[in-house]
Amino acid sequence: MIQMTFRMPNWLKTTVDYGPILAFFIAFKMAGLMTATLVLLIATVIATAVLYLATRKLAIVPLITLVVVGVFGTLTLWLQNDTFIKMKPTVIQGLFAVILFVGLLLNKPLIRYVMGGALQLDDTGWRSLSFRFGCFFAAMAVLNEIVWRTQSTDFWVDFKVFGIIGLTILFIFAQLPLIKRHSIDQG
């Protein structure tokens, strides 16, 4: 029997990763937060299904995101209370921080399981990167709490869509020297 492997195209991965948040943003601008929350729920389920159909497996990060979006989105809609959807990034970022820090305490740099397909680092590099990502996620959780509690919903949505993504991209670029220093040559 011939076994075929499927490599998901970059455009599909990008669409699955960022499609739900883009749909949320557009729906918010057109119809408000409750409609945007419903759209986010639906888009996240669709994105997770597409990811599963494309790869025949579910990675832990999209699965955690699906569960948290499901719980907090449903609470937002059911109770008609936007607090829950505004807390969702705090919970996700905080959960990722805790998972990474617990992994370090157990001497398992868990970021390796998320990025190991794209990067080859020595053990010190994986530990350092896990610690840095844990600190970043903790800081982003605190920042989201500050923003949603002190700013308008319009500002928070813009921050959620552009601020969090922008800060994440900047953070990743700031890790390139560490990644380069601890890369293992495959050749």
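Criteria and thresholds
- Residues numbered from 1 in each chain as written.
- Predicted model: local features only at pLDDT ≥ 70, side-chain atom pairs only at ≥ 80, totals over all residues.
- Heavy atoms only, no water.
- 1 Å grid on protein atoms, 1.4 Å probe; cavity = no way out; pocket = protein on both sides within 12 Å on 5 of 7 lines; lining within 4 Å.
- Points joined across faces, edges and corners; volume = space filled by probe spheres on them.
- Helix = DSSP H or I, 4+ residues; strand = E, 2+ residues; numbered from the N terminus.
- Nonpolar A, V, L, I, M, F, W, Y, C, P; charged D, E, K, R; others polar.
- Buried < 20%, exposed > 50% of the residue type's maximum accessible area, 1.4 Å probe, protein only.
- Contact = heavy atoms within 4.5 Å.
- Phe/Tyr/Trp six-rings, centres within 6.5 Å; stacked < 30°, edge-to-face > 60°.

**Considering the layout of surface pockets**
Here the largest pocket is characterised by a volume of approximately 2200 Å³. If you go around the largest pocket, you meet 50 residues; those closest to its centre are Lys13, Asp17, Val61, Pro62 and Val114. Among the elements that line the lining of the largest pocket, the one with the most residues is helix α1 (residues 10–31), at eight residues. Looking at the lining of the largest pocket, its residues break down into 34 nonpolar, 10 polar and six charged.

**A short note on the environment of Phe171**
The topology assignment puts Phe171 in helix α7 (residues 153–174). Residue classification places Phe171 among the buried residues on the basis of a relative accessible area of 12%. Taking the C-alpha atoms as reference points, Phe171 and Thr150, separated by 21 residues in sequence, lie 24 Å from one another.

**With respect to the side chain of Thr90**
Its place among the elements puts Thr90 in helix α4 (residues 83–105). For Thr90, a relative accessible area of 16% gives the class buried. If near-sequence neighbours (up to four positions away) are discounted, Thr90 is found in contact with Ala141, Asn144, Glu145 and Trp148.

**Here's the deal with the packing of aromatic side chains**
Under the criterion given, the structure shown has eight aromatic pairs. Measuring from ring centre to ring centre gives 4.9 Å for Phe133 and Phe171, while their planes differ by 85 degrees; the resulting arrangement is edge-to-face. Residue Phe133 is located in helix α6 (residues 123–150), and its partner Phe171 is located in helix α7; the two are separated by 38 residues in the primary sequence. Seen from their ring centres, Phe136 and Phe171 are 4.3 Å apart, and the 15 degrees between their planes marks the pair as stacked. Taken together, the residues span a long stretch of sequence, with Phe136 in helix α6 and Phe171 in helix α7 at a distance of 35 residues. Both residues of the pair, Phe136 and Phe171, belong to the buried class. Every member of this aromatic cluster is reached through a ring pair, and the members are Phe96, Phe133, Phe136, Phe137 and Phe171.

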